[in-house]
Structure formats: structure tokens, C-alpha cells
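A look at the structure
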Amino acid sequence: MEPNSRMSEITGNLKNDVKDLLSESANIVTGFFKRGLCTVRAVADKWKAFAQSVSSAADELMKPPFIEGPEAPAVSLHPAAEPIVTVTESQDRDFPVGKQMPLSEANEYVRQIDARRHEAKGAPHMVKVKIDYVQGDSCDRYWLPLEIGSGRGGLLEQMEQHLAYYRADPERIMQELDFSKVDAKYREDFRAVFLPFVQESINDLNCHLLPYFRDHCNITEMKRTAEALMPAMGESGQARYKQELENKTTMLRQRVNSGELKLLPRSVQARQDTPQQAAQDKPPQARQSVRVRLEQIKAKQDAQAKQPDRARHVPSRPKLK
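Once a new chain begins, its residue numbering starts again from 1 and follows that chain's sequence as written. Restriction of local features to residues with pLDDT of at least 70 applies here, the model being predicted, together with a cutoff of 80 or more for giving and counting side-chain atom pairs; totals for whole chains, interfaces and linings are based on all residues. Side-chain metrics in this entry use all non-hydrogen atoms of the structure; hydrogen atoms and water are not considered.

Runs of E in the DSSP output that reach at least two residues are strands. Runs of H or I that reach at least four are helices, and both are numbered from the N terminus. Along the protein chain, the regular secondary structure elements total 10 helices and 4 strands. When the helices and strands of the protein chain are placed in sequence order, the string is α-α-α-β-β-α-β-β-α-α-α-α-α-α. Only protein chains enter the calculation, and the probe is 1.4 Å; a residue is then buried if its accessible area is under 20% of its type maximum, exposed if over 50%, and partly exposed in between. Within the protein chain, the proportion of its 321 residues that are buried is 41%. Two residues form a contact once any of their heavy atoms are found within 4.5 Å. Residue pairs at least 24 apart in sequence account for 68% of intrachain contacts in the protein chain once pairs closer than 6 positions are excluded. When the accessible surface of the protein chain is summed, it comes to about 17700 Å², and 49% of that surface belongs to carbon and sulfur atoms. Throughout, the Shrake-Rupley method with a 1.4 Å probe supplies accessible areas, and for residues the shown protein chains are the sole cover considered.

Spelled out as C-alpha cells, the structure:
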């Protein structure tokens, strides 16, 4: 065999070996986010750094689907969008694959169906969802396994319990993540890179992403509370109030997405899955922040609506002679 042919064969074998390694490591990393242990963008960035440390030609050899493909985060979300929940895997007729809902609607829907099934003592069904959202200048995606009918509550309550399970015993991560499939030559490096990453990610999800999701649900609840005031207004007042409320809701969601506004203090643990719990746990100043703004909108609209009426109906005082 000619020397050049031999070198080409060796190079080709090396590329195949590296490609196999990258493929297997990508499969393991996919398991991280599909178990709800990290977001897709965070683990994609970490995997790219690992892949580049293995081979400078990693980008040419492979791009896993969580970087360029169906598992990559959506890129077309509006800066003021509420997170969107999509069912990806399901054994439950009430959660068909492809079903989409805004996060706040999905949170309530999961709670209602879970409670109904639990009361009927039916067998729990496993459902997996992905949550697309925008934070800062980038979109991301979080996958979450749910159990419908076990009495575990709404979507965010189940997310809290899911994270608490791993936070209580970090060794559970090792028990569920199989590093043995990674080539022995790179196994320790892989473990050194990804195990601390997953542990840190679980804490980050609990302290940052979960409160962020709850902020969006609280905005929806406060909007509903404000909408309950509308029947007492006249038709013209309702139209103005509704538009102001929509504008205010959009502004709040955009500020939450950008990181400018946080409705829940970071010290409040993620157990506020109902409006009643949220009201009890928030300090007075935090409870009032958005509600006061909504009440100010109503007061302004009431003042504008009543001012002409007072001018027409209040009798003028007689002139003094």
C-alpha cells in the first residue's frame, strides 16, 4: 500500500473514531436535558466546548440535533412572549403529542387533570413536555417529565419536586447517567466536564428558571384579577381599560424576559403554585408591585369616565347678589 494511501486510511479511521465518540457523547448529553436536568442551550454550549477539546474539526464531523435540528431551541419567539409548552411524549389521551399551551394555561391544565385522575384512583400516566422561552437576547428550551394522576399537582409544582429529588441526593445523578458508553480515553474528562455542570444546572434551574416561570404565571393571574373589574365599567371604559391592560401585560412579560423585572424574590422557594400561596408568601411590597399598577390603570380610567358626567349633572351654584 502506498504511504499516502496508508495515511489517508489512518486519518479516516481517526475521524470515524472521533465521530463515534462525539455521537455517543451527544446521546448522553441529550439525556441530560430530556430528564429535566438542564436547558438545551446550556448543555449545547457545554458539549461544543467538550467536542472542540477532542477535535478542532468537531463542527465538520457532527452537529447534533440539539445544536442544529429539531431539539434546538425555537428562535422566533417575541421578546414579550409567554413561555410555550408542547407535549413531546405521552401515554395520556388528554395530552396528545403536539398539544401546545401557554405556560400559565399548561400549569393549570396539568393540575386539573392530575387531580381528577388522582381522585378517580386511575393509574398515573407519563407525559414529557418541552418549554420554549426567551430570556435576554436568546431563546432556550427546557424539557420536563410529568406524571399525570399521581397527585403531584401542576406543571411547576412537579418541576419543583423533580429538581428537589436530585438536589436532595446528588448521587442520583450518577446512578441515572451512564458514562460507560464514552470511550475510556475520554471518559474521565467527560465526567469532569459534565457532572459538575449538571449539579450546578439543577441549582440554577431551581433558583432562576423556576421563579422566572412562576413570574409569568403570576402575571396571568393578576391580569385575570384585573379583568374581573371590567363588568362594572361602561362599554367605552371597558374598551380603554382592556387595551391598557393588554399593553401593561405585554410590558411586564417583556421586562421579565429581559431580566429587568423579577416579581418573586430569589429567597422565596419555588412552592408557590397557587395564587393563594403566592399572596401569603410574598412580602407586602412584592405583592403590591404589579397589583398597584393595575389598580392605578383602573383609577385613571374611572376618573376619565366620570369627569364629564360630573360636569353635566352637578348643578351650578346660584350667583350671589
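What follows concerns the environment of Ala106. With respect to the element layout, Ala106 can be found in helix α4 (residues 103-119). Classification of Ala106 as buried rests on a relative accessible area of 0%. Taking C-alpha positions, Ala106 is 6.8 Å from Val85, a pair spaced 21 residues apart along the chain. For Ala106, the residues in contact, after removing those within four places along its chain, are Val85, Met101 and Leu155.

Turning our attention to the sheet that holds strand β2 (residues 100-102). Should DSSP find at least two bridges between two strands, the strands are regarded as paired. Strand order across the open sheet formed by 4 strands is β2-β1-β3-β4, with antiparallel pairing between neighbours. A strand with exactly one partner marks an edge of an open sheet, and here the two such strands are β2 and β4 (138-148). Taking each pair of neighbouring strands and ignoring which way they run, the sheet shows an average axis angle of 25°. Here strand β1 (residues 84-90) pairs with strand β3 (residues 125-135) via 6 bridges, running antiparallel. Its bridge partner being in β3, Val87 is matched across the sheet by Val129. Sheet strands touched by α4: β1, β2, β3 and β4. Its angle to β2, the strand with the most contacts, is close to 110°. Helix axes are fitted to C-alpha atoms over the stretch in contact, other axes to C-alpha atoms as well, and angles between N-to-C directions run from 0 to 180 degrees.

What follows concerns the pattern of salt bridges. Any two side chains of opposite charge can pair, on the condition that their charged atoms come close. In the sections that follow, a salt bridge refers to a side-chain nitrogen of Lys or Arg positioned within 4 Å of a carboxyl oxygen of Asp or Glu. A complete count under the given rule lists 15 salt bridges for this structure. In this structure, Asp94 engages Arg116 in a salt bridge whose closest nitrogen and oxygen atoms are separated by 3.1 Å. Taken together, the positions of Asp94 in the loop between β1 and β2 and Arg116 in helix α4 put the pair 22 residues apart, joining distant regions of the chain. Asp94 sits in the buried class, given a relative accessible area of 17%.

Side-chain rings of Phe, Tyr and Trp (the six-membered ring for Trp) are treated as a pair once their centres are within 6.5 Å; stacked means planes under 30 degrees apart, edge-to-face means over 60, and tilted covers the remaining angles. In the structure shown here, the tally under the stated rule is 14 aromatic pairs. When the ring of Tyr133 is compared with that of Tyr212, the centres are 5.6 Å apart and the planes differ by 55°; the resulting orientation is tilted. Here Tyr133, found in strand β3, pairs with Tyr212, found in helix α7 (residues 184-227); they are 79 residues apart in sequence, far enough to count as distant. Each member of the pair Tyr133 and Tyr212 is classed as buried.

A separate point is the confidence of the model for the protein chain. Low pLDDT means the predicted atomic positions in that stretch should not be read closely. Summing up the model confidence of the protein chain, the mean pLDDT is 81 and the portion of residues at 70 or higher is 77%. Here pLDDT means the predictor's own confidence in every residue, given as a number from 0 to 100. Across the protein chain, β2 holds the top mean pLDDT of 98, while helix α9 (residues 275-281) sits lowest at 43. The low-confidence segment residues 6-14 (pLDDT under 50) makes 2 contacts with residues lying over four places distant or belonging to another chain. Across residues 266-290, confidence stays below pLDDT 50; counting only partners more than four residues off in sequence or on other chains, it has 38 contacts.

With a phi angle near 60°, Lys121 is a residue other than glycine that sits in the positive phi range. Within the fold, Lys121 resides in the loop between α4 and β3. Assessed through its relative accessible area of 74%, Lys121 is described here as exposed.

Locating Asp59 in the fold gives a position in helix α3 (residues 58-61). Spatially, the C-alpha atom of Asp59 lies 8.4 Å from that of Lys48, the residues being 11 residues apart in sequence.

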